[in-house]
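What the coordinates show
Okay, here's what each chain looks like letter by letter:
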Amino acid sequence: MTVSDSKNSRVASSSVEPMFIERWSSKAFSDKALSDDQISSLFEAAHWAPSSSNRQPWLFVYATDGPDREKFNTLLNEGNARYAPNAGMMVLIFARIVDDEGNKIRTALFDTGAAWMSLALQANRMGLNTRAMGGIDLDAAYDVARVPRDKFETVCAIAVGYRGTDDDIHERMVEQNFANDRKDVREIAFKGTYSG
Ligand SMILES: Cc1cc2nc3c(=O)[nH]c(=O)nc-3n(C[C@H](O)[C@H](O)[C@H](O)COP(=O)(O)O)c2cc1C
């Protein structure tokens, strides 16, 4: 299977739903705003993700424009600050790592990752682009989003918006801005025992 996207030459080695190879994280965002309905659909998708004991430990705090967005933008490291402010929405993702009884939620990050991927695939179906960003000030994110440090772990941020063109990013980013490839499936999936 191949995809029709000039920046995406991914080829699947086995039969797979097209959405898995069509999604990729461009750094080029257009500055077109997202509607409230679009934003609702994205978090709708995220919140149907599976989680251990259905604890749903994910937490999303988002900003689109105005003073909130300016504060969110200050969290970005230098590289991410070159493109992410253009995206229609920035989301800070936290995982609840301690439950109400004080017990550690061992699978919090795993569950939260499932929710992010659901959002990313929904975005792709809606013609939108997403890019996750670990390169943020993880500690300052608690203050910006007013999230308690003792219960949550900052995971990363994501930029979400309409896909832009090469004109929307710095010229040095253009040559790196294409859908990358993956390891061979035989390197990551083993029958019976690991033999790497
Ligand atoms: C948790 C996480 C953190 C990431 N951090 C950054 C980042 O700080 N800056 C960046 O440009 N891309 C970042 N990425 C994007 C990855 O580089 C990208 O997802 C990976 O190369 C696979 O490409 P694809 O998403 O286009 O399939 C991050 C992705 C994830 C999942």
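Residues numbered from 1 in each chain as written. Predicted model: local features only at pLDDT ≥ 70, side-chain atom pairs only at ≥ 80, totals over all residues.

Side note on the nonpolar core
Quick reminder of the rule: For the purposes of this analysis, a nonpolar core is taken to be any set of buried Ala, Val, Leu, Ile, Met, Phe, Trp, Tyr and Cys residues that are connected through C-beta atoms within 7 Å. To assign burial, the other C-beta atoms lying within 10 Å of each residue's own C-beta are counted, with C-beta atoms placed from the backbone; 20 or more indicates buried, 12 or fewer indicates exposed, and intermediate counts indicate partly exposed. Strands are runs of DSSP state E lasting at least 2 residues, helices are runs of H or I lasting at least 4, and numbering of each runs from the N terminus. Residues are scored as being in contact if the C-beta atoms we place from backbone atoms lie within 7 Å.
Met-90, Val-91, Ile-93, Ala-157 and Val-160 are the most contacted members of the largest nonpolar core, which has 39 residues in total. Taken together, the elements giving at least two residues each to this core come down to helix H2 (36-47), strand S1 (58-63), strand S2 (89-96), helix H5 (108-125), strand S3 (128-133), helix H6 (138-145) and strand S4 (152-162). For Ile-93, the residues in contact, after removing those within four places along its chain, are Trp-58, Phe-60, Thr-112, Trp-116, Val-155, Cys-156, Ala-157 and Ile-158.

Quick look at the sheet that holds S1
What counts is decided by this rule: Only strands joined by at least two bridges in the DSSP assignment are considered to pair. Axis definition: a line fit to C-alpha positions, over the contact stretch in the case of helices; interaxial angles, taken between N-to-C directions, run 0 to 180 degrees.
With antiparallel pairing, four strands are arranged side by side in an open sheet as S1-S2-S4-S3. This sheet does not close on itself; its edge strands, each paired only once, are S1 and S3. On average, each strand axis in the sheet is inclined to that of its neighbour by 25°, with strand direction left out of account. Pairing between S2 and S4: eight bridges, direction antiparallel. By the bridge assignment, Phe-94 is partnered in S4 with Thr-154. Lying on the sheet, H5 is in contact with S1, S2, S3 and S4; it crosses S3 at an angle near 155°.

Some remarks on the environment of Ala-12
Looking at the element boundaries, Ala-12 is found in the segment before helix H1 (19-22). On the basis of neighbour counts, which here come to 15 C-beta atoms within 10 Å, the residue Ala-12 falls in the partly exposed class. Considered as a pair, Ala-12 and Arg-182 are 170 residues apart in the sequence and their alpha carbons are 9.9 Å apart.

Side note on the environment of Pro-50
Take Pro-50: it is sitting in the loop between H2 and S1. The spatial distance from the C-alpha of Pro-50 to the C-alpha of Val-16 is 21 Å, given a sequence separation of 34 residues.

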